[in-house]
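Listed below, chain by chain, are the residues.
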Amino acid sequence: MHRNKQIAIILPDTLQSIGLQSMLADYFPPVEISRYSTFEALSTSGNDTFDYYFTNASLFVLYADFFLPRRSKTMVLIDNPEGGNGLPATNHIPVKASQEVIIEQLEQLFTGDGNGISSENNKELSTRETDVLQLIVKGSTNKEIADKLNISLNTVLSHRKNITTKLGIKTVSGLTFYAIMNGIISGDDIEL
Amino acid sequence: MSEVVEEHPSLIPVINRFGIHLGLGDKSVKAICEEYRLDCDFLLTVINTFLNEEYFPEKKLQTFHTSQIIDYLTKTNQYYQRYQIPNIERHLGSFISMSTPGNNTLNLIGKFFSSFKEELTSRIEKDDRSWFPYCLSLSEKLKGYPSSGQFEALHLGTEQRLEDPIEALLADLKSIMIKHLSGDYNENLCYAVIFAISSLEKDIKQHNRIRYRILTPMVSAMEKLCI
């Protein structure tokens, strides 16, 4: 399961900003987008955990101290394709390009360093998670699991959460079938 | 009316629940409601919420009479029991028998489905035996009250709904098939099963929205008035 992409759009042009927002939401979900009309608004928000930044050329130049280190995560909107020359090598979108071209550019940006986001998405359960799964399926309560494995209740809860995320299965019966299908427990251990 | 149904064939079971049959001709929704003596407003609201996930006018739905809502929920229950469940079972049965006999995964999926069916059946029985009659008796008791005052107290307790076990089971069933199926299987029948499960899932989601966000708050408001 992918984490939402956190995106900041810093553009004074409201229509441009909303248009970009809706394109991102339509074509590249799941995204969480914050829009700022000025750079000050972004810095006063105090939020510096965005995965991607969208801004225009003049803001990029004006606040180069901020954007240059984040260059690989920043997309600059430029008015005409030649106008980008003054900028150091950056990702940019010519705003007058057709929708397809813009989408392609966006795609490149997102696939460029997609590994940072998806690397945690490891499908296989860890050994500990498998232990927890076995106990869940046998009908143990969270408290019992914690005692048996000598871990805290919170750890059990976070293992359960990870199991559900990795497998996409929420209910105990669903997990039971998954466990049998994958030989994590044998069907004789529990009654169905 | 026919235009809407042509565009959204998934509405056919919904209008059937209201007793409307196909062969709609060019009649308007209003004409059909008159013909079948239906509350046009209620029919439209149900159809609109069914088609549009975002559209859910709680206030408006709560102004309808308890018996209308219960009647609709009862009919959807019947529809699950008489058609959708047997339908999935049929597909699932041939899916399992037409695929490689040795594929144990499929048998397990069959068992998982049976356990889901048990859950759903027991909920429906409970609805028919106690929950729905109870709701109706409450509204019967309050007959004398002006109906507008009845729903003043309804803002409370909306979003505190827990995850519905039936919905969760169905979602897991689908997810197990899509993400974790292994071995040889018959692709065409597998798609039929998943498709049938998906449409049941969608229908139950709609049913649950009305159940938890309309009926439940209505009942708790009526309970307050009865005390």
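Residues numbered from 1 in each chain as written. Chains lettered and ligands numbered in written order. Predicted model: local features only at pLDDT ≥ 70, side-chain atom pairs only at ≥ 80, totals over all residues.

What follows is about the interface of chain A and chain B. The partner chain B presents 14 residues to the 11 residues of chain A that form the contact. The class makeup of the residues in the side of chain A that touches chain B is 6 nonpolar, 4 polar and 1 charged. (Contact = placed C-beta atoms within 7 Å. Nonpolar A, V, L, I, M, F, W, Y, C, P; charged D, E, K, R; others polar.)

Residue and element names in this part refer to chain A. Within the open sheet, the 5 strands sit side by side as S2-S1-S3-S4-S5. Their pairing is parallel. In the strand order of this sheet, the two ends are held by strand S2 (31-36) and strand S5 (91-94), each with one partner. Mean inter-strand twist for the sheet, computed between neighbouring axes without regard to direction, equals 20°. Where strand S1 (residues 5-10) meets S2, 6 bridges bridge the pair, whose relative direction is parallel. By the bridge assignment for S2, Ala8 is matched with Ser34. Contacts from helix H1 (residues 14-27) reach S1, S2, strand S3 (52-56) and strand S4 (74-78), with the element oriented near 175° to S2. (Pairing = 2+ DSSP bridges. Helix = DSSP H or I, 4+ residues; strand = E, 2+ residues; numbered from the N terminus. Axes fitted to C-alpha atoms, helices over the stretch in contact; angles between N-to-C directions.)

Moving on, we get to the nonpolar core. With 39 residues, the main nonpolar core has Tyr178 of chain A together with Leu170 and Leu173 of chain B as its most contacted residues. Broken down by secondary-structure element, the contributors of at least two residues to this core are helix H7 (127-137), helix H8 (142-149), helix H9 (153-167) and helix H10 (172-181) of chain A together with helix H6 (66-98), helix H7 (104-141), helix H9 (165-180) and helix H10 (187-226) of chain B. Sequence-distant contacts of Leu170 of chain B, that is, excluding residues within four places in its chain, are made with Phe116, Ile197, Leu200, Glu201 and Ile204 of chain B. Ile7, Leu59, Val76 and Ile78 of chain A belong to the second-largest nonpolar core, a separate cluster that totals 22 residues. (Core = buried A, V, L, I, M, F, W, Y, C linked by C-beta atoms within 7 Å. Buried ≥ 20, exposed ≤ 12 C-beta atoms within 10 Å, placed from the backbone.)

What follows concerns the packing of H6 of chain B against H7 of chain B. The geometry of a pair of packed helices is captured by two quantities: the angle between their axes and the separation between those axes. Residue and element names in this part refer to chain B. Contact pair H6 / H7: the axes reach a minimum separation of 11 Å and the direction vectors enclose 165°. Between H6 and H7, the angle falls in the class roughly antiparallel. Our pair here, H6 against H7, has a crossing hand that is left-handed. Between H6 and H7, the contacting residues are Thr66, Ser67, Ile70, Thr74, Asn77, Tyr80, Gln81, Ile85, Ile88, Leu92, Phe95 and Ile96 on the first element and Leu106, Asn107, Gly110, Phe113, Lys117, Leu120, Ile124, Asp127, Phe132, Cys135, Leu136 and Ser139 on the second. The class makeup of the residues in the contact of H6 with H7 is 14 nonpolar, 8 polar and 2 charged. (Parallel < 35°, antiparallel > 145°, perpendicular 65-115°, else oblique. Left-handed = near helix turned anticlockwise from the far one by under 90°.)

Before going further, it helps to spend a moment on H7 of chain B. When the terminal C-alpha atoms of H7 of chain B are compared, their 54 Å separation across 38 residues agrees well with the 56 Å that a helix rising 1.5 Å per residue should span. Of all the bends in H7 of chain B, the greatest measures close to 50° and is centred on Asp127 of chain B. What H7 of chain B keeps buried is the set Thr105, Leu106, Ile109, Phe112, Phe113, Phe116, Leu120, Phe132 and Cys135 of chain B. On its buried face, H7 of chain B sits against H10 of chain A together with H6, H9 and H10 of chain B. (Expected span 1.5 Å × (residues − 1). Bend = angle between axes of the 7 residues up to and from the residue.)

All names here are of chain A. Where H8 meets H9, the closest approach of the two axes is 9 Å, and the angle between their N-to-C directions is 110°. Here H8 lies roughly perpendicular to H9, going by the angle between them. For the pair H8 and H9, contact is made by Asn142, Lys143, Ile145 and Ala146 and by Leu153, Val156 and Leu157, respectively. Tallied by class, the residues present in the contact of H8 with H9 amount to 5 nonpolar, 1 polar and 1 charged.

To continue, consider the confidence of the model for chain A. Residue and element names in this part refer to chain A. Here chain A averages 83 in pLDDT, while 85% of its residues score no lower than 70. For chain A, per-element mean pLDDT is lowest for helix H6 (residues 115-118), which scores 42, and highest for H8, which scores 93. Counting interchain partners and residues more than four positions distant, the pLDDT-below-50 stretch residues 114-121 has 5 contacts. (pLDDT = per-residue confidence, 0-100.)

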